[in-house]
Amino acid sequence: MKRILIPAGGVVLATGMLAAGLAGTAQAADKTVASDALAANAQKAAETLEFWTKSNNAALKGAVAFSPDSLEVKKISSSGGYSADTKPGSTAPIGEEKKSSSKTQNVNFPKSIGKVFFEGRDGKLYWCSGTSIQSKYRNLVATAGHCVYDIKANQETVSRWVFVPGYYQGKAPWGVYVGKQAFTHYDFDVYEDFDRDYAFVTVYDGIGGSLNKPKQVTKAEFDAYKGEKEAKDVEVSRDEYRKGVLDPKTADYYSVQRGSKAELAGPDFPGAEVAKVEVSEGRYKAAGVGKGNGKKFGEPIVENVTYNDAWKYLQNQRRDRDKFPGTVKLDKRGNSTITHYYVQAWYKPGSERKYLRTDFFIIVHEVKSVGKLGDNVGGQGFAWNQPTGKAVRTFGYPQGAHPDGNKAYTGVTPKWCYGKTSKNTYKIPEYRVEEQVALKCAVTGGYAGGPWLYKYSNAKRLGYVNGVTSLIVDSDDNKRYDTITSAYFDGEANTVYKAASAAWSGKLIP
């Protein structure tokens, strides 16, 4: 396996690396596994969660597909096939540890896939793709290395890293999972070697619930609250208004200046609005049909009521027939009814005095732990040193434009590609790529980090992660992407995976 060597007397400076990352790297005597903290403690994780979920998940909705210019590739060259460094191996998906895998495949999307969200060192919000993967504590996400480390900032880790499985238009159906620790290959962590462009990230237990729930409070509480809040106006009756202005503990009440009253008009008057007026059965039957004042307004409405309610209505009707014009049927067996009849009344809208109440709300986060990632969405298996030229199914959330400006994808829903991986390895010198494999696939930015699933099952929606999308390529220079690449998952990739899959993360909410 290739190693990047430092010339005699040379010095390599990896600036911005976290102390935890340096410690993690130093522990790897074989220079294979590197690890760096993302949200090393609960307080940092809680701040990350608050950032993404406040204002009704506004930050999640505002993120864009990660497709910086530096990752656009126009041409690649191929060479001989890859030689495995150890025997082929695999780790079964969650739930399939003691079962044989299915050989059938289709396009059913796995629950395990989702979007990886993070803040780049440029201050912008991005997403990549990723998947839940098998691990000891069911807390692991597989994605691309460049979706964890900012390659423009000397390999500093990105900020505010979270995984949202099944993400759809601001919704997190299975919760939000804050990244705790990222595991990558030493060569990617230090030397930006894209032949090792993969990462495995441990995540805290997921957080779900009403992340942005309005809670009604008094005016005094509203004024004192320093967080997110909102006020809403509601129209009320004159009686409520008169009582409300005398009670300083309630919401604010006010009235709108009197203007013109609504006036009866014909249905053809510009801006005329129709209202329904309840009338007696006799008047309704005498009314015509069509559009106009006094014409029938729909079919009669039959209200099923108790005997006592029907009797009370009759008593009110004897006192004021205009206010209670319905037809009453009394039945002591429990089948009493009141039938209501309506005709049309067309009005020119006016601007009579209105009475309003201002309600005050603060936005609170009533959250709860939703448990481990793997328990909620399952987790794909892991395979290494598998032969190339085998069929895989890849998944991800593309959104970026093609080089010609065409935007073929929205990033709202996941997409897939299916085919056989190349038997050759591909070289892209600007990224120190010498041993990646490729797949014909016309996706765009945002797909990076998405899993390449080997032996994907039709019914179980499970397979084996045998790669993650690294680069997207316009191989024939026609300004349209047509190929995606992945690092080859060899024995050293398995070493990184094993280190990550044994790491514990814990929960944010007890």
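Residues numbered from 1 in each chain as written. Predicted model: local features only at pLDDT ≥ 70, side-chain atom pairs only at ≥ 80, totals over all residues. Heavy atoms only, no water.

As annotated in an unreviewed UniProt entry, the protein chain carries the name Serine protease and is attributed to Nonomuraea longispora.

### A closer look at the overall build of the protein chain
Of regular secondary structure, the protein chain possesses nine helices and 30 strands. Buried residues in the protein chain amount to 49% of all 510 residues. Here the protein chain displays about 24,800 Å² of accessible surface, and carbon together with sulfur accounts for 50% of that area. (Helix = DSSP H or I, 4+ residues; strand = E, 2+ residues; numbered from the N terminus. Buried < 20%, exposed > 50% of the residue type's maximum accessible area, 1.4 Å probe, protein only. Areas by Shrake-Rupley, 256 points an atom, 1.4 Å probe, with all protein chains shown as cover.)

### Focus: a positive patch on the surface
A cluster of like positive charges, contributed by K390, K420, K423 and K455, occupies part of the molecular surface. When its relative accessible area of 60% is taken as the criterion, K423 is described as exposed. (Patch = residues over 30% accessible without salt bridge, like charges linked within 9 Å, V, L, I, M, F, W, Y side chains within 5 Å. Salt bridge = Lys/Arg side-chain N within 4 Å of Asp/Glu carboxyl O. Lys, Arg positive; Asp, Glu negative; His and termini not counted. Charge placed at Lys NZ, Arg CZ, Asp CG, Glu CD.)

### Quick notes on the pairing of strand 1 (residues 33–37)
Of all five residues that make up strand 1, five are buried, and the element is covered over most of its length. Side chains V33, S35 and A37 of strand 1 all project onto a buried face; the interleaved residues A34 and D36 project onto the opposite face, where all are buried too. Taken together, the five bridges between strand 1 and strand 12 (residues 177–185) define a ladder with antiparallel strand orientation. The residue of strand 12 that forms the bridge with A37 is Q181. (Pairing = 2+ DSSP bridges.)

### Quick notes on the side chain of S112
Assignment of secondary structure puts S112 in the loop between strand 5 (89–91) and strand 6 (113–119). Judged by its relative accessible area of 1%, S112 is buried. Polar side-chain contacts of S112 include one of 2.9 Å to the side chain of Q380. Contact partners of S112, with chain neighbours within four places excluded, come to G130, T131, S132, F163, V377, G378 and Q380. (Polar contact = N/O pair within 3.5 Å; in protein donor to acceptor, adjacent residues only side chain to side chain. Contact = heavy atoms within 4.5 Å.)

### Observations regarding the nonpolar core
Counting residues in each nonpolar core, the largest one holds 29 residues, and the members touching the most others are F118, V148 and W161. Of all the secondary-structure elements, those providing two or more residues to this core are strand 6, strand 7 (125–133), strand 11 (159–165), strand 12, strand 13 (199–203) and helix 8 (373–377). Looking at this core, the element that brings in the most residues is strand 13, giving three residues. (Core = buried A, V, L, I, M, F, W, Y, C linked by side-chain atoms within 4.5 Å.)

### Description of the pattern of salt bridges
When their charged atoms lie close together, side chains carrying opposite charge are able to pair. Across all of its chains, the model carries twelve salt bridges by this definition. Of the charged contacts, one joins E492 and R196 as a salt bridge, the two residues approaching to 2.9 Å between their closest N and O atoms. Here E492, found in helix 9 (residues 491–501), pairs with R196, found in the loop between helix 3 (186–191) and strand 13; they are 296 residues apart in sequence, far enough to count as distant. Pair check on accessibility: E492 and R196 agree, each one buried. The residue K479 makes a salt bridge to D477 at a minimum N-O spacing of 4.0 Å. On the accessibility criterion, K479 (37% relative accessible area) is partly exposed. By relative accessible area, which is 36% here, D477 ends up partly exposed. Counted as one network, the salt bridges with shared partners bring together R196, D490 and E492.

### Notes on the state of the cysteines
According to the stated counting rule, one finds two disulfides in the structure shown. C128 shares a disulfide with C147; S-S distance 2.1 Å. Its torsion about the S-S bond being -80 degrees, the disulfide of C128 and C147 is classed as left-handed. One end of the pair, C128, is in strand 7; the other, C147, is in the loop between strand 8 (140–143) and strand 9 (149–150), and 19 residues separate them in sequence. Considered together, C128 and C147 belong to a single accessibility category, that of buried residues. (Disulfide = S-S within 2.5 Å.)

### Quick look at helix 2 (residues 42–62)
Since the α-helix turns once every 3.6 residues, residues separated by three or four places project in the same direction. For helix 2, with 21 residues, the first-to-last C-alpha span of 25 Å runs short of the 30 Å given by 1.5 Å per residue. Along helix 2, the helix axis deviates most sharply at N56, where the bend reaches about 115 degrees. For helix 2, the full list of buried residues reads A45, T48, L49, F51, W52, T53, N57, A59 and L60. At the N-terminal boundary of helix 2, the capping side chain belongs to N41, with an oxygen 3.2 Å from the backbone nitrogen of Q43. (Expected span 1.5 Å × (residues − 1). Bend = angle between axes of the 7 residues up to and from the residue.)

### Structural notes on helix 7 (residues 307–319)
End to end, helix 7 covers 19 Å across 13 residues, agreeing with the expected 18 Å (1.5 Å per residue, within 8%). Turning to helix 7, its buried residues are A310, Y313, L314, Q315 and Q317. Close packing links the buried residues of helix 7 with strand 18 (273–279), strand 20 (327–329) and strand 21 (337–348).

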